[in-house]
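An overview of the molecular structure
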Amino acid sequence: MHLFLNTTSPYARIARIALAEKEIGDLSADIVDPWADAPQLLEVNTAARVPALVTGEGRSLTESLLIVMWLEHERPEPSLLGHDVTAVLSLAGIAMGVIDAAVHTLIGRKITDADFDDAPVGLRRRRSIVDGLQRLEADPPEYTKGVPDLSVITTVTALDYVRFRFGTATWISELPRLDALAGLVRQRQSFEMSYPRA
Ligand SMILES: N[C@@H](CCC(=O)N[C@@H](CS)C(=O)NCC(=O)O)C(=O)O
């Protein structure tokens, strides 16, 4: 299998963590800049986005959560859906909302020279980040040890990405329970090797 990724994308990170936690060994990877329209990325993803996974049969899979879905089908154990699948997917949906809003803010800055962050749409995206993180802080995914489920993977990915992109922005409130959750999984190889790096 072959994965196209970059080292900052939270979507690529979700796929990387899922592949690592499923212990998919036969995997090569290319780091690409999706904004540079690399022909090999366009070949496997017409949307020119990472992640894109080429299976052993040569099929390309795109969209982080579709890749996770496919992995669950191909390699059901260990499951990333946890014991309470509904709760896991509900929390993962909130985390994906944070990730989408954060990425969209970065894209908004590319689209306009004007101050995207303080424009009405930018403020909507910021509200999604703030409210989503607060909702997760109030009811964080459960984790003690072992393979993390999708709610943990997406929540920690969202938290790390927001801190990576927005640093100590004053609008990010204290998130002690999410920080504690991130501390529990950060030593896992899957999380450590995929931590966002510029
Ligand atoms: N919904 C997609 C989003 C993927 C995505 O937007 N990836 C970004 C990197 S964070 C990208 O490649 N952007 C390039 C572009 O939008 O042209 C997923 O879940 O995989």
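Before going further, it helps to spend a moment on the site of the ligand. Around the ligand lies a shell formed by S9, P10, Y11, P34, W35, A48, R49, V50, P51, E63 and S64. One of the side-chain nitrogen or oxygen atoms of E63 is found 2.7 Å away from a nitrogen atom of the ligand. A distance of 2.7 Å is found between an oxygen atom of the ligand and a side-chain nitrogen or oxygen belonging to S64. Computed on the free molecule, the ligand has an accessible area of 510 Å², of which 83% lies beneath the protein chains in the complex. Given that more than half its atoms are within 2 Å of the pocket grid, the ligand belongs to the largest pocket. Considered class by class, the residues forming the shell around the ligand number 7 nonpolar, 2 polar and 2 charged.

As a volume, the largest pocket reaches approximately 650 Å³. Around the largest pocket sit 28 residues that line it, and Y11, R49, V50, V103 and I107 are the ones nearest its centre. Of all the secondary-structure elements, those providing two or more residues to the lining of the largest pocket are α1 (10-21), α3 (64-74), α4 (85-111) and α6 (150-166). It is α4 that provides the largest number of residues to the lining of the largest pocket, a total of 6 residues.

A separate point is the nonpolar core. Ranked by internal contacts, the top residues of the largest apolar core, which has 55 residues, are F4, L41, I129 and V162. No other element matches α4, which puts 10 residues into this core. When residues of this core are sorted by domain, at least three fall in each of domain 1 (2-74) and domain 2 (85-189).

Attention now moves to the pairing of strand β1 (residues 2-5). The alternating pattern of β1 places H2 and F4 and L3 and L5 on opposite faces, both of which are buried. Where β1 meets strand β2 (residues 28-31), 4 bridges bridge the pair, whose relative direction is parallel. Residue pairing in the sheet places L3 in a bridge with A29 of β2. For the segment spanning β1, α1 and β2, crossover handedness is right-handed. Pairing of β1 with strand β3 (residues 52-54) involves 3 bridges; the strand directions are antiparallel. Bridge assignment links L3 to a residue of β3, and that residue is L53.

Considering all chains together, one arrives at 2 aromatic pairs under this definition. Just above the ring of W35 sits the side chain of K110; from NZ or CZ to the centre is 4.6 Å.

Moving on, we get to the side chain of T55. With respect to the element layout, T55 can be found in the loop between β3 and β4 (60-62). Setting aside its immediate chain neighbours within four residues, T55 contacts M1, L61 and W70.

Owing to its 3.6 residues per turn, the α-helix aligns residues three or four sequence positions apart on the same side. Counted at 1.5 Å a residue, the expected span for α4 with its 27 residues is 39 Å, and the 37 Å between its end C-alpha atoms agrees. Those residues of α4 not exposed but buried are V88, L91, A92, A95, M96, V98, I99, A101, A102, V103, T105 and G108. Each element contacted by the buried residues of α4 is listed here: α1, α3, α5 (120-138) and α6.

Further remarks concern the domain arrangement of the protein chain. By a widespread convention, an interface's size corresponds to the accessible area lost as its parts come together. Entries for the protein chain in the domain assignment read domain 1 (2-74) and domain 2 (85-189). Computed from C-alpha atoms alone, the centre-to-centre distance between domain 1 and domain 2 is 21 Å. Listed as interface residues are 11 residues of domain 1 and, on the opposing side, 18 residues of domain 2. Each partner contributes to the roughly 1300 Å² buried at the junction of domain 1 and domain 2, and carbon and sulfur atoms together form 74% of this total. Counting the surface domain 1 buries against domain 2, the share from its top three residues, P10, Y11 and E21, is 39%. Linking R13 and D160 is a salt bridge whose minimum nitrogen-to-oxygen distance equals 2.9 Å.

As a packed pair, α1 and α3 sit with axes 8 Å apart at the nearest point and diverge in direction by 15°. Compared by their axis directions, α1 and α3 come out roughly parallel. Helix-helix and strand crossings are classified by hand; for α1 and α3 the assignment is right-handed. Counting all contacts with α1, which are made through Y11, I14, A15, A18 and L19, the residues of α3 involved are S64, I67, V68 and L71. Class assignment of the residues belonging to the contact of α1 with α3 gives a composition of 8 nonpolar, 1 polar and no charged.

The rules we used
- Residues numbered from 1 in each chain as written.
- Predicted model: local features only at pLDDT ≥ 70, side-chain atom pairs only at ≥ 80, totals over all residues.
- Heavy atoms only, no water.
- Near = heavy atom within 4 Å.
- Polar contact = N/O pair within 3.5 Å; in protein donor to acceptor, adjacent residues only side chain to side chain.
- Areas by Shrake-Rupley, 256 points an atom, 1.4 Å probe, with all protein chains shown as cover.
- 1 Å grid on protein atoms, 1.4 Å probe; cavity = no way out; pocket = protein on both sides within 12 Å on 5 of 7 lines; lining within 4 Å.
- Sits in = over half its atoms within 2 Å of the grid points.
- Nonpolar A, V, L, I, M, F, W, Y, C, P; charged D, E, K, R; others polar.
- Points joined across faces, edges and corners; volume = space filled by probe spheres on them.
- Helix = DSSP H or I, 4+ residues; strand = E, 2+ residues; numbered from the N terminus.
- Core = buried A, V, L, I, M, F, W, Y, C linked by side-chain atoms within 4.5 Å.
- Buried < 20%, exposed > 50% of the residue type's maximum accessible area, 1.4 Å probe, protein only.
- Domains from an automatic or database assignment.
- Pairing = 2+ DSSP bridges.
- Right-handed = clockwise from strand over helix to strand, strands pointing away.
- Phe/Tyr/Trp six-rings, centres within 6.5 Å; stacked < 30°, edge-to-face > 60°.
- Lys NZ or Arg CZ within 6 Å of the ring centre and 35° of its normal.
- Contact = heavy atoms within 4.5 Å.
- Expected span 1.5 Å × (residues − 1).
- Buried area = accessible area lost by both parts, 1.4 Å probe.
- Salt bridge = Lys/Arg side-chain N within 4 Å of Asp/Glu carboxyl O.
- Axes fitted to C-alpha atoms, helices over the stretch in contact; angles between N-to-C directions.
- Parallel < 35°, antiparallel > 145°, perpendicular 65-115°, else oblique.
- Left-handed = near helix turned anticlockwise from the far one by under 90°.

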